[in-house]
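Chain and residue survey
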Amino acid sequence: MAQSNTNPHIKENFSPLETLAMQTLRRFGDFHPGTVDGDVMLMFIEFANQVIEEVRMHPYHDGTDIDYYQSATDVRPISDQIMMAGLLYHYALQQSSDKLQIYMPMFNKTLNQQMWQKINGNTKIQMTVVDDGTNKRNKNGATTNANNGTVTY
């Protein structure tokens with residue numbers, strides 16, 4: 001199996017939610033993660049499920065089914081970077097923190113980049129031709145990729 005993209009010491013593809021939650025709390029700098037009680041971990045399960053919803057609704061999502069987290073030990077097939085950025089965003093929002101100004105755009109950027117990478121690799125974004133008739137290139141047998149707008153002849 002491939003190693004976790006954030007936690008190389010974890011030999012699964014993705015990190016468990018409890019690991020990501022502890023890293024989120026450490027990064028946020030609010031308090032020592034080892035002092036977290038069960039209610040805070042339940043809150044992170046809720047935040048993680050909100051991130052799952054945001055991934056599901058993203059225009060670049062490939063439509064694969066992603067189950068909700070039911071416990072802190074669960075692992076879901078979502079990039080650790082997306083989940084960490086989403087947890088930081090939702091935690092800052094819940095705390096009414098000034099850090100929200102940093103974490104909200106960071107989450108959006110990370111979500112967009114990671115989802116684009118997953119569906120299209122490292123390709124350029126191009127405009128998609130919608131009428132197939134105004135540009136001469138389309139009359140010469142060219143086809144436009146609906147996912148990224150690249151034209152092939």
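Reading the values: the criteria
Residues numbered from 1 in each chain as written. Predicted model: local features only at pLDDT ≥ 70, side-chain atom pairs only at ≥ 80, totals over all residues. Heavy atoms only, no water. Core = buried A, V, L, I, M, F, W, Y, C linked by side-chain atoms within 4.5 Å. Buried < 20%, exposed > 50% of the residue type's maximum accessible area, 1.4 Å probe, protein only. Helix = DSSP H or I, 4+ residues; strand = E, 2+ residues; numbered from the N terminus. Contact = heavy atoms within 4.5 Å. Phe/Tyr/Trp six-rings, centres within 6.5 Å; stacked < 30°, edge-to-face > 60°. Lys, Arg positive; Asp, Glu negative; His and termini not counted. Salt bridge = Lys/Arg side-chain N within 4 Å of Asp/Glu carboxyl O. Axes fitted to C-alpha atoms, helices over the stretch in contact; angles between N-to-C directions. Parallel < 35°, antiparallel > 145°, perpendicular 65-115°, else oblique. Nonpolar A, V, L, I, M, F, W, Y, C, P; charged D, E, K, R; others polar. Polar contact = N/O pair within 3.5 Å; in protein donor to acceptor, adjacent residues only side chain to side chain.

Note on soluble globular proteins: their nonpolar side chains tend to be buried together. Ranked by internal contacts, the top residues of the largest apolar core, which has 34 residues, are Phe44, Val55, Ile82, Met83 and Leu87. Elements that contribute at least two residues to this core include exactly helix H1 (17-28), helix H2 (38-57), helix H3 (80-94) and helix H4 (100-120). In terms of residues, this core owes the most to one element, H2, which gives ten residues. The residues contacting phenylalanine 44, other than those within four sequence positions of it, are Leu17, Ala21, Thr24, Leu25, Leu87 and Tyr91.

Below, the discussion takes up the packing of aromatic side chains. Under the counting rule described, the total for this entry stands at six aromatic pairs. The interplanar angle of 10° and the centroid separation of 5.6 Å between the aromatic rings of tyrosine 89 and phenylalanine 107 together place this pair among those described as stacked. Linking tyrosine 89 in helix H3 with phenylalanine 107 in helix H4, this pair joins segments that are 18 residues apart in sequence. Exposure remark for tyrosine 89: the relative accessible area of 14% places this residue in the buried category. One aromatic cluster in this structure is built from Phe28, Phe44, Phe47, Tyr91 and Tyr103.

Looking at the element boundaries, aspartate 80 is found in helix H3. Of the side chains with opposite charge, arginine 27 lies nearest to the buried aspartate 80, which makes no salt bridge, at 9.9 Å.

So, on to the packing of H1 against H2. Put simply, H1 and H2 touch, their axes get as near as 10 Å, and they point 105° apart. By the angle class used here, H1 and H2 are roughly perpendicular. Contacts between H1 and H2 involve Leu17, Glu18, Ala21, Met22, Thr24 and Leu25 on the former and, on the latter, Val40, Met41, Phe44, Ile45 and Ala48. Tallied by class, residues from the contact of H1 with H2 come to nine nonpolar, one polar and one charged.

With that out of the way, let us pick up the environment of proline 59. Mapped onto the secondary structure, proline 59 falls in the loop between H2 and H3. Looking at proline 59, the relative accessible area reads 71%, which means it is exposed. Sequence separation between proline 59 and asparagine 112 is 53 residues; the distance between their C-alpha atoms is 9.2 Å.

Here we take up the side chain of histidine 58. Looking at the element boundaries, histidine 58 is found in the loop between H2 and H3. Since its relative accessible area comes to 10%, histidine 58 is described here as buried. Side-chain polar atoms of histidine 58 contact the backbone nitrogen of tyrosine 60, separated by 3.0 Å. Leaving out residues up to four positions away in the same chain, histidine 58 has contacts with Leu111, Asn112 and Met115.

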